[in-house]
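So the chains spell out like this:
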Amino acid sequence: MAKRVKIRVFRYNPAHDTDARYDEFEVEAERWTTVLDALLYIKAHKDHSIALRYSCRMASCGSCGMLINGIPRLACYTKVYELGSDVVTCRPLPNFPIIRDLAADFTAFFAKHKSMKPYIINEVAESIDGREFIQKPEEVEKYLQFSYCIKCGLCYAACPTVATDRRFPGPQALAQMYRYLIDSRDKATDERLRIVDDRHGVWRCHFAGSCSMVCPKGVDPALGIQLLRAYLLGMNRDSKVVAELYRREPK
Amino acid sequence: MIDLVEVIDHDVIIVGSGLAGLRAAIEAARTSKDISIAVISKVQVMRSHSVSAEGGTAAVLYPEEGDNLESHIYDTIKGSDYLADQDAVERFVSIIPQEIYQLEHWGMPWSRREDGRIAQRWFGGYNYPRATFAQDKVGFYEMQTLYDTALKYDNIHFYNEWFVTSILHENHTFKGFTAIEIASGNFTAFKGRAGIIATGGAGRIYSFATYALSSTPDGIDLAYRAGLALKDMEFVQFHPTGIIPSGILITEGARGEGGYLINKDGERFMKKYAPNKLELASRDVVSRAIITEISEGRGYRDEDTGMDYVLLDLRHLGEEKIKERLAGIREIAIKFAGVDPIDEPIPIRPVCHYMMGGIHVDIDGKTEMEGLYSAGEAACVSINGANRLGANSTAECLVWGRITGELAAKHALRLISSRSADNSIPRDAIASEEKRIYDGIFHGSGDENPYEVREALTKVMDEHAYVFRTGESLAEGIRKVRALREKAWRHVDDKAKEYNTNFIHVLELDSMLRVCEVVLVGAYRRLESRGAHARLDYPKRDDINFLKHTLAYYGEDGPQITYLPVRITRYQPAERKY
């Protein structure tokens with residue numbers, strides 16, 4: 001049972017256009033049609049010039065984040081039907097510079113992730129001894145939910161603090177910092193805490209919690225930021241209070 | 001004009017940023033901190049389709065508990081229907097356990113046993129549960145681990161969203177690449193001492209495919225256009241369980257954990273086709289069984305899409321196991337098919353999933369061009385022969401990523417230390433490539449919609465080169481592809497320079513038309529049924545005439561086909577039963 005919907009696409013090429021505009025397209029949406037399907041149909045059959053980024057179309061690669069009816073979402077993971085509206089408005093993610101139309105520039109976002117040293121720091125890790133580090137399932141559990149991050153930028157787009165402080169690393173980067181900090185294989189706790197213990201770092205977060213609301217993978221960056229603060233205030237990997245927080249099942 | 005083309009200089013240039021490309025980059029960086037390494041990707045580097053690999057990475061980790069290398073070697077060769085090169089399989093099986101531990105040391109969240117060691121599970125075609133896993137998001141975690149680890153190395157430089165258009169070479173020696181920076185639209189040359197093509201599979205030449213929409217053959221077509229051979233391209237793996245209607249993969253892990261395949265009569269039909277292994281027979285066997293059930297009237301039909309399917313039933317596994325081990329596919333089934341596998345079976349049918357063939361390389365991942373390597377699904381070593389076993393592809397990416405990364409770095413170091421080395425790049429070739437893509441395509445004109453040509457092309461592949469093939473149908477497919485190529489699709493309606501994906505899509509289509517023909521011609525010429533290549537008109541394997549690899553070289557009138565013997569070390573071809 002198809003229904004007709006209007007897709008409004010934000011159009012802007014900073015190299016040539018002085019103003020942005022919306023182009024409107026009517027498309028048929030089936031119950032399984034995603035916003036990405038609709039946009040690709042438009043690109044293939046109505047206007048080849050729409051600029052957008054996408055790849056896996058299964059919410060794994062993190063390419064197709066955009067503002068859909070006012071909320072940061074993955075276009076491939078948002079069905080037209082579930083929006084409950086006959087009008088679907090697509091804009092590029094806020095808090096990112098625009099390359100063109102719906103394609104946002106991720107350069108600063110990736111640099112912030114990199115500044116968190118998002119890798120295991122442990123001298124032993126570089127020498128293979130033909131054996132793994134032993135990690136109990138409950139130790140994996142501590143960092144696992146934070147490792148679902150696909151770097152799609154939705155949390156960063158939703159964050160009011162990112163919007164007002166360019167030096168704030170943002171929820172994605174901070175959650176990844178916590179992910180590596182809490183991993184029993186990592187040995188750089190002090191170095192990590194020094195990086196985020198800054199007035200533009202973890203303390204800058206207002207705890208709006210919008211990051212966790214929009215994450216398409218059920219990661220809770222707001223929790224990660226709170227746990228980083230807890231660490232700075234003297235809690236550690238084995239704290240019972242921290243353990244309690246993990247009892248919540250990710251989405 | 002020529003002088004306006006910027007030249008970027010690196011020692012090792014890797015095209016493609018999936019598991020093989022990133023693993024190669026890290027190994028090159030570890031080999032020497034004095035060389036600079038570029039990773040060029042048409043997507044943002046962490047977004048390559050390796051992220052969507054779900055089920056596992058095969059490795060012998062527990063010989064003390066009953067597994068052994070010989071068993072992995074045998075399973076892989078048998079799975080390949082004896083077309084794998086056995087020396088390559090031996091090397092592969094002996095290296096992959098180290099890679100599992102290496103990734104673990106780099107932060108990979110492998111699922112664990114209660115004793116804290118790495119867990120493994122069953123996968124199709126194996127005699128031991130040796131698929132190492134991280135829930136059902138193995139490729140995603142491997143990508144994340146490699147991407148994050150690559151950030152440690154200052155000599156690895158990422159080029160996000162650059163589309164490579166040609167290989168620069170002189171006297172059979174690699175010199176670099178030409179590429180378009182998508183964001184700016186600038187045409188640029190990369191000068192390098194060694195190159196690695198790791199652009200993954202090309203499964204988007206089919207319409208019903210598990211692949212990312214970006215998995216087109218432009219990477220392997222670079223090699224083909226440069227005069228290098230593509231090997232065994234007719235062997236395309238159809239994974240048994242692509243979800244209706246999108247073709248998104250439901251991991252073999254779902255059957256590894258005990259899932260059933262059910263036809264319209266409620267029957268577990270695999271007992272007729274593979275009485276011992278049932279649902280865990282190799283993928284070619286299971287896919288043929290499903291298509292046979294459907295064609296004999298025991299499938300279902302989806303009324304909205306007209307697609308035929310059977311059911312994958314996980315309900316008996318129970319809510320807890322599904323949530324713990326198969327959370328990702330549960331999410332996919334709920335979202336993309338409206339089915340919660342805890343309560344309802346999942347509608348599935350065989351779906352294009354992997355290309356056993358690729359750029360012809362030797363056991364070291366070297367191509368026929370000095371200084372150029374290839375690894376991962378883009379390459380054909382070949383360990384997969386006529387049919388790849390599940391959990392061997394992520395493994396292959398890691399092993400040959402590492403091997404080629406090291407060899408490419410050493411090759412570059414040798415050239416740096418030999419002062420006489422010629423470090424020029426062929427300016428003429430840069431100019432003629434610029435002419436090919438701008439005069440020939442960007443400024444071209446025509447009234448055919450290239451997106452419609454692409455859709456028609458992928459439908460031809462679905463129809464003429466699917467699970468079962470015949471000579472007649474393949475010949476028809478070749479005629480249709482040639483007719484599509486003649487249409488007036490060589491034009492780009494988007495005239496902007498910046499982020500012009502319309503241009504990229506037409507370049508992709510150009511590569512698809514060439515590579516589709518290679519698949520079809522290879523399949524037409526192979527008069528036997530072996531692994532994933534099942535000819536209804538030649539239903540038996542023919543070891544006398546076809547125990548050999550197909551090599552396709554570019555020719556003006558279509559692919560020029562030659563053959564290459566299979567390297568057999570210890571297992572003579574035998575009948576294959578599961």
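As the structure is a computational prediction, the values presented were derived from the model and not from experiment. Numbering of residues begins from 1 in every chain and follows the order in which that chain's sequence is written. To label them, take the chains in the order written and letter them from A, then take the ligands in the order written and number them from 1. Given that this is a predicted model, residues contribute local features only at a pLDDT of at least 70 and side-chain atom pairs are listed and counted only at 80 or more, while totals for whole chains, interfaces and linings are drawn from all residues.

**Q** Honestly, the environment of B:Glu396 in this entry has me stumped. Any pointers?
**A** Residues and elements named next belong to chain B. The helix and strand labels rest on DSSP assignments: H or I over at least four residues marks a helix, E over at least two residues marks a strand, and numbering proceeds from the N terminus. Positionally, glutamate 396 belongs in helix α11 (residues 393–417). Sequence separation between glutamate 396 and tyrosine 438 is 42 residues; the distance between their C-alpha atoms is 37 Å. Not counting residues up to four positions away in its chain, the partners in contact with glutamate 396 are Phe92, Gly376 and Ile383. The contact rule is simple: place each C-beta atom from the backbone, and if two of them lie within 7 Å, those residues are in contact.

**Q** Is there a simple way to think about the sheet that holds strand β23 (residues 548–553) of chain B in this case?
**A** Strand pairing in a sheet is mediated by backbone hydrogen bonds. Such pairs are either parallel or antiparallel. Residues and elements named next belong to chain B. A pair of strands is considered paired only if DSSP assigns at least 2 bridges between the two. Strand order in the open sheet made by the five strands is β20-β18-β12-β23-β24, with mixed pairing throughout. Edge positions in the sheet fall to β20 (379–380) and β24 (560–565), since each of these pairs with one other strand and no more. Pairing analysis gives two bridges linking strand β18 (residues 358–360) to β20, with the strands arranged parallel. Bridging from a neighbouring strand, isoleucine 359 pairs with alanine 379 of β20. Lines fitted to C-alpha atoms define the axes here, with helix axes fitted over just the stretch in contact, and angles between the N-to-C directions of these axes take values from 0 to 180 degrees. In the packing of helix α15 (residues 501–525) onto the sheet, the strands contacted are β12 (230–231), β23 and β24, and the crossing angle to β23 comes to about 140°.

**Q** Can you walk me through the interface of chain A and chain B in this structure?
**A** Think of interface size as the accessible area that goes away when the parts come together; that is how it is often given. Facing the 43 residues of chain A at the interface are 45 residues of chain B. If you list the elements that add at least two residues to the side of chain A that touches chain B, you get α1 (35–45), β6 (98–100) and α3 (137–144) of chain A. For the side of chain A that touches chain B, the leading source of residues is α3(A), giving three residues.

**Q** What exactly am I supposed to notice about helix α4 (residues 138–150) of chain B here?
**A** Compared with the 18 Å implied by 1.5 Å per residue over 13 residues, the 18 Å span of α4(B) between its first and last C-alpha is a close match. Residue burial here comes from a neighbour count, namely the number of other C-beta atoms, placed from the backbone, that lie within 10 Å of the residue's own C-beta, with 20 or more meaning buried, 12 or fewer meaning exposed, and in between meaning partly exposed. In terms of burial, α4(B) is largely enclosed, as 13 of its 13 residues are buried. A helix is expected to reach a length of 1.5 Å times the quantity of its residues less one.

**Q** What am I meant to see in the nonpolar core here?
**A** Nonpolar side chains in soluble globular proteins tend to end up buried together. Note on terminology: a nonpolar core is any set of buried Ala, Val, Leu, Ile, Met, Phe, Trp, Tyr and Cys residues joined through C-beta atoms within 7 Å. Counting 267 residues, the largest nonpolar core has B:Ile14, B:Ala25 and B:Val39 as the members making the most contacts within it. Top contributing element to this core by residue count: α15(B), with 15 residues.

**Q** Would you take a moment to explain the domain arrangement of chain A for this structure?
**A** Residues and elements named next belong to chain A. Here chain A is described as being made up of domain 1 (3–104) and domain 2 (107–245). Domain extents, as shown, originate in an automatic or database domain assignment. Just the C-alpha atoms count here: the centres of domain 1 and domain 2 sit 30 Å apart. The interface of domain 1 with domain 2 comprises 14 residues on the first partner and 14 residues on the second. Ranked by the residues each element gives to the side of domain 1 that touches domain 2, the list is headed by strand β4 (residues 71–74), at four residues. Classifying every residue of the side of domain 1 that touches domain 2 by side-chain character gives nine nonpolar, four polar and one charged. Side-chain classes follow a simple rule in which Ala, Val, Leu, Ile, Met, Phe, Trp, Tyr, Cys and Pro form the nonpolar group, Asp, Glu, Lys and Arg form the charged group, and the remainder, Gly included, forms the polar group.

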